Structures are given as C-alpha cells and as structure tokens.
Number of protein chains: 2
Amino acid sequence: MLKLHGMSASGNCHKVRMLLSHLQIPYIWQEVDVVNGETRTEPFLAMNPVGQVPTLEIEPGKYLAESNAILIYLAEGSPFIPVDNYLRAQMLGWMFYEQYSHEPYVAVARFICKFLPVDHLRRNELPRLHERGNSALAVMQQHLASRTFFVGEQYSLADIALYAYTHCAEEGGFTLQNYPAVTTWLQRIEEQPGFVPMTV
Amino acid sequence: MLKLHGMSASGNCHKVRMLLSHLQIPYIWQEVDVVNGETRTEPFLAMNPVGQVPTLEIEPGKYLAESNAILIYLAEGSPFIPVDNYLRAQMLGWMFYEQYSHEPYVAVARFICKFLPVDHLRRNELPRLHERGNSALAVMQQHLASRTFFVGEQYSLADIALYAYTHCAEEGGFTLQNYPAVTTWLQRIEEQPGFVPMTV
C-alpha cells in the first residue's frame, strides 16, 4: 500500500491527501516531525535527499518527491488531468506557477505567522512576502473572474495545487475578501466529491 | 510557426531554445526587453498575465507560460520524456526541484551579480542566496556522483531544466569546481546532438 510521509499542517501534503481521497486510493499516513528536524535525519534523507515532505513511498526503496510531481504520478489517466495537450500544458503551467510565484510567499508568510514566536527575526520578511503573495493572489483573481476552474472549466490538479495554501492564506496575514473570485473558487473546490479538509 | 518571446540572457529561455534545437523544430525568436520593463506592458501581460519570459506563442491568441511546462508540451512523445511512469514522475520531481530549490537562488544570485550595479542594495541578499544555492548544487553533486543523467541514465527534460542556470552559476559567484560530478554532467550535455549554447 502507498505510504505518504507528511506533516498534517503542510499545504503541500494536503494536496496529495486531497487527490488520494478524490481518487479513493487507500494509503498509510506517516506523520513527520518537520519542526523538530526529522526531515534532516539520515533515514529521512535516504528516502528524499532534499529533505522535504511530502515524500511518497510507493514501495520500500521506491520514493517520489515534490508534491506536484506526486500529484501528476497519482492522477495519470484520471479526469484530474485534461486529455487535450494544450490544456494539460496550461495545467502544468499553473502548477509551476504555484511552486515559483505563490508558495514561496503565501506559504512562507503562513509558516512565519503560525509556527514561529511572535518576536522572531523572520517577521521582518513579512512585508515583502505580503507584497509578492498579494501579486500572486491578484493573478488568480483576474484569471478566475471569468472561469469556474483554472483550466478548461474542469476541476484539475492545477486547482488542487493552488487550493492548498490559498485556503489558509489568512493564517499568514492575507485578506481573502479582497479576492472574491478566489473565495468563490475555494468554496467550489470544497464542494467536490471526496474533498477532505486540512486536519490542522 | 511557433514564436518564442524571450530574453537571450535568461536560463529559463535557454532551456526552451535547447529543446527546440534538439527536436529540430523551427521557430521565430522574439527578444523581449525585460530589463526595461517590457514584460510589465499591456501587450505583454495580455499574452502572459504573470509577466514572465519565456512565453511560447503557439499561434496568435494561444500562449503558454512557465519554462518547464513549455518543455513538457514541446517534448511530448519524444525521447526527452521517459515512457515509464515512475521515471517520468522522477523527471517531473527534478523539474519542480529546479524551480523551487535551485532557480530562486542560483539564478537570482547571477541576476544580481550580472545585471545590477555593484553598489546595489540587493547585493545584501547574496550570502543567503549562496548558502541556499550551494545546498542545491550539493544535492545535484550527490545525485550525479553515481549517474550519467538525472533520471534513468537517459538525457531528459530534467537535465535540460537543470542545465540552464547551473552552467552559468559562476556568474553568480558559485564555484562549480567544488561539484565535479556536476561539471562532468554539464560537459556531457554540451556534447548532445543539437545542443545550442546560451547566446549571451
């Protein structure tokens, strides 16, 4: 059976849990103590040399890293990946966008606000993270203003990838009310069959 | 004919030029003046709302963003994407790694060193960028120490994506000599049929 090594409060791990539930694929969840350095230990680095969660264990000795690559692996041949190659490339584009232009700001601001002490030096990063994160949310708002989902009017991996850290962006100091098409889209995702919420 | 909107000195654009040359696909190159803000103009944002190069124009009105999504679109069905689904997922994993753990440090350090004045405030970012960038290069060194290419002993999109900013990392103050398996791998890529160097 698949084993997912992850952290309950991680959006990157939540993505994978969402998809596994949508696809009704059974799996074992293995909680990893990221905050206390478990991803930097030798046994963990032997599974994933980059030291990140989620790490999917397909079978002992056979691992996959990077949340969005795991999503694509699990969803191959399912309705969560468009068949048309141009739509599929757009889906991939939004998934790279999520990791490059969204997660490093929206998720990192949340990490600082939620997991670090209130007097931590990294709070100095917040103004820049909010500026960049709000740019990312504004791009999403503009795109979703005339669409139900990111690609081809169909719920796909692009939506799952972008849902993960957007739905909890307020924990990082963002105001989702400023992005009405985004909040409607978040609700639409939460109504999908098999949707599971973040557990923390 | 395909039209590639890009900047000659951009590694993200170089990736796409490399693949187009390997695949012998003809295209028109459209140089974009990123440094003087052309990607923030209305005509450019109409093609790509995120305002980034490369942007691939498949036909007028039909665009693709995100370098690695463009690579996958162009390479579908070619030997640059492994047929085996586990190998393909590993290839995708390295491509997400490139955009998340490598480019934001290795490419940004190069941008600061190569394109900004020597007294620019952003030079203060360099120590952190070098620390993170060296971690990324160390992961590559470890992986390549026992392999010829990133995935399945076969030249794939993972290699093209990671080549782009690694081969010019010294322009950002990194020392490639510290990563001998990486330098051998760079040479191996430069010997591939159809390889084209960066033009700047």
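Presented here is an overview of the structure given in this document.

### Quick look at helix α7 (residues 180–190) of chain B
All names here are of chain B.
And step 1. The complete set of buried residues in α7 reads Ala 181, Val 182, Trp 185, Leu 186 and Ile 189. Viewed along the axis of α7, the buried residues span an arc of 140°, placing them on a single side of the element.
And step 2. On the buried face of α7, the contacting elements are α1 (11–22), α5 (126–144) and α6 (157–166).

### Digging into the packing of α1 of chain B against helix α3 (residues 67–75) of chain B
All names here are of chain B.
And step 1. Between α1 and α3, whose axes approach to 9 Å, the crossing angle comes to 10°. Relative to α3, α1 is oriented roughly parallel. Facing α1, whose interface residues are Asn 12, Lys 15, Val 16, Leu 19 and Leu 20, α3 presents Ser 67, Asn 68, Ile 70, Leu 71, Leu 74 and Ala 75.
And step 2. Across the contact of α1 with α3, the residue classes break down as seven nonpolar, three polar and one charged.

### Considering the pattern of salt bridges
Where charged atoms from two side chains of opposite charge approach closely, those side chains can pair.
And step 1. Enumeration according to the criterion identifies 10 salt bridges over all chains in this entry.
And step 2. Between Glu 171 of chain A and Arg 110 of chain A there is a salt bridge; the shortest N-O distance is 2.7 Å. Linking Glu 171 of chain A in the loop between α6 (157–166) and α7 (180–190) with Arg 110 of chain A in helix α4 (residues 85–115), this pair joins segments that are 61 residues apart in sequence.
And step 3. Residue classification places Glu 171 of chain A among the partly exposed positions, given a relative accessible area of 34%.
And step 4. Across the pair Glu 171 of chain B and Lys 114 of chain B runs a salt bridge, and its minimum N-O distance is 3.4 Å. One end of the pair, Glu 171 of chain B, is in the loop between α6 and α7; the other, Lys 114 of chain B, is in helix α4 (residues 85–115), and 57 residues separate them in sequence.
And step 5. Among the ionic contacts, a cluster of salt bridges with common partners joins Arg 110, Lys 114 and Glu 171 of chain A.

Procedures and definitions
Residues numbered from 1 in each chain as written. Chains lettered and ligands numbered in written order. Predicted model: local features only at pLDDT ≥ 70, side-chain atom pairs only at ≥ 80, totals over all residues. Heavy atoms only, no water. Buried < 20%, exposed > 50% of the residue type's maximum accessible area, 1.4 Å probe, protein only. Helix = DSSP H or I, 4+ residues; strand = E, 2+ residues; numbered from the N terminus. Arc of directions from axis to C-beta. Contact = heavy atoms within 4.5 Å. Axes fitted to C-alpha atoms, helices over the stretch in contact; angles between N-to-C directions. Parallel < 35°, antiparallel > 145°, perpendicular 65-115°, else oblique. Nonpolar A, V, L, I, M, F, W, Y, C, P; charged D, E, K, R; others polar. Salt bridge = Lys/Arg side-chain N within 4 Å of Asp/Glu carboxyl O.

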